[in-house]
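# Structural description and commentary
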Amino acid sequence: MRRSATLVALLTVTTVLVSGAESGATPTRPKVPEAIGYGGAVASIDSDATAIGISVLRRGGNAVDAAVATAAALGVTDPFSNGIGGGGFFVFYEARTGKVHTIDGRETTPMSATETLFQENGAPLPFAEGVTSGLSVGVPGTPKTWERALQLWGRKSLKDVMKPAEELARSGFVVDATFRGQVANNAARFAAFPSTRALYLPGGQPPAVGTTFRNPDMADTYRELANTNLRSLYDGQIGKEIVQTVQQPPKDPASTLNVRPGKLTQADLARYEAPLREPSKTNYRGLDIYSMGPPSSGGTTVGEALNILEPTNVKNLSQTDYLHYFLESTRLAFADRNRWVGDPAFSNVPTSELLSQKFADSRACLINPAKALTSPVAPGDPRNPTPCATTGQGVAAEIGSQHTTHLTTADAWGNVVAYTLTIESEGGNGIVVPGRGFLLNNELTDFNFAPLFPGVPDPNLPAADKRPRSSMAPTIVLRNGKPYFATGSPGGASIITTVAQVITGRVDRGKSLVDAIAAPRASQRNSAAAQVEQAFLDQPETAELKNRGQGFSTAPGEIGAATGVERLPDGRWLAAAEPVRRGGGSAAVVFPFRW
Ligand code: GLU
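Attention in this report is confined to the structure presented alongside it. All of these numbers come straight from a predicted model, not from anything done at the bench.

Quick notes on the rules
Residues numbered from 1 in each chain as written. Predicted model: local features only at pLDDT ≥ 70, side-chain atom pairs only at ≥ 80, totals over all residues. Heavy atoms only, no water. Helix = DSSP H or I, 4+ residues; strand = E, 2+ residues; numbered from the N terminus. Pairing = 2+ DSSP bridges. Buried < 20%, exposed > 50% of the residue type's maximum accessible area, 1.4 Å probe, protein only.

Here Pro-294 and Pro-295 are connected by a cis peptide whose omega angle stands at 15°. Relative to the elements of secondary structure, Pro-295 occurs in the loop between strand S10 (287–291) and helix H14 (298–309). Cis geometry is found at the peptide bond from Ser-375 to Pro-376, where omega equals 5°. By secondary structure assignment, the location of Pro-376 is in the loop between helix H17 (357–364) and strand S11 (404–411). Its identity is not glycine, yet Asn-121 carries a phi of approximately 50°, on the positive side. Tracing the backbone through its elements, the reader meets Asn-121 in the loop between strand S4 (119–120) and strand S5 (123–124).

On to the sheet that holds strand S16 (residues 529–532). The sheet built from three strands is open, its strands ordered S15-S16-S17 with mixed pairing. Pairing within the sheet leaves two strands with one partner each, and these edge strands are strand S15 (522–523) and strand S17 (551–554). When S15 meets S16, the two strands line up antiparallel, connected through two bridges. Considered in S16, the bridge of Ser-523 is made with Gln-531.

For the rest of this paragraph, the subject is the pairing of strand S19 (residues 573–577). Extensive coverage of S19 is indicated by the burial of five of its five residues. What you see with S19 is no split at all: Trp-573, Ala-575 and Ala-577 on one side and Leu-574 and Ala-576 on the other are buried throughout. When strand S1 (residues 34–44) meets S19, the two strands line up antiparallel, connected through four bridges. Each residue of the ladder has a partner; that of Ile-36, found in S19, is Leu-574. One ladder, built from five bridges, connects strand S18 (residues 563–567) with S19; its direction is antiparallel. Pairing of Arg-567 across the sheet is with Trp-573, part of S19.

Structure representation (structure tokens):
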């Protein structure tokens, strides 16, 4: 009796989760920030995308298949944060070998790019003018990432895993306040492009909450991509249309927006590779922390901040002391990130030196428990760690865009994927490729438009065939060589502080994963004032932190939107997502109960 009641409950839950996408009906799914169970787990910002990932796991796919299927669905329902016009970093724990692999699907500059890509008459362009332009479009890396991941580790074909998202784009999904809000934020520039306007501003307005949104052009594009094994994008018709859109931005002649063309060519698309890279790795309190190395600064900067905290018994600190140390650790790590990290093909990034405990100790030496450092703190030299020594000029990191997405998956075999993907700004460069239903990225604005200081080497200037420095930090934490938890977040440069905060929250401060994800955020990136959420300022510790010289400024909105999975000691998977940020994320497991 008991068993059949469980079975009925299980079938009800899984049917609710997958029915919409598979039947073509308009799905309306509740968003759940935490789920615990068996057979695998998916956590993403969107309930339709999570349900699609779960449906792939239920049909025998593994964590890699589920990650690609979830990402393809996010391209439909969260199109202002990611999509086939963008790039990302895919981190995979392979249960069979116990190894962690990473794919670098970062967008890349055209061969024509030079250091002055974003300069005119010897001066850098205003940032906003780089954003909505053809200049900022890098070769998309997301489709290649999917292909590479599936070829190397998947059980399903690209066609299989893209199919549910294609159907979702065709049958539609329900517009929520987040989707509508993102269109509203971008309405002025979206209106300047007839292709974007027709899709996202039907009747001149953002789609109303509760209505069904369909994107048949994207459905057709997904089908074409899958049928041609991506050839159409990297060496065919879709690519041709991307190039045309970049070189002659399809702007409404009536618009006064100055939209600069870019020089991307089909040869640039054809040259693109999504290489495997060594993951960044550091040890924190006996755990192995794997993340994304250069061209992302995510892995080295999260790792360095943790290493700075390593000698301190963070577990036993008061909440005020913990927050003080946390803010100081990322302040210092950012000073080093800005000086040393860029595309490793162009400068010698001292990755292992940045992650050495000796270097971290030489930086931790600067922390005064009673008094905050004065930013910008100058960087250290990881090649020659000297206690408390600094060198050169310090610089704060801008937050950058806030609109990327992170998904996390796990399967019955014990594989785990942490995947962060983006089109950079909310809405990318604002231009939907006409007739294709997807937005292009503006990822090249992650480069510095001009050297930060004359005479100080800057590893993040544009050049031909170069990848801009990222902050994305999809992270997998192993305990005794086996998955403990995985996490990641959007949020531009604040990704790094969010991921470090989630890790310390979970590992040191006794928080559950979902509570660590939900905690009020603070992002200190080597500036006088840390960017914080209002909820952070409302904490009782703030007054004492201010006494110690910590400065705070309130972020315009939320910081980050993390997801994660965790392997519980009894073998169950826990999926975790934001309870509130971005309208709440969606966590699910394959079987909520033991079968
Ligand atoms: N483009 C950013 C990066 O790679 C991510 C943007 C965001 O998170 O909003 O660091």
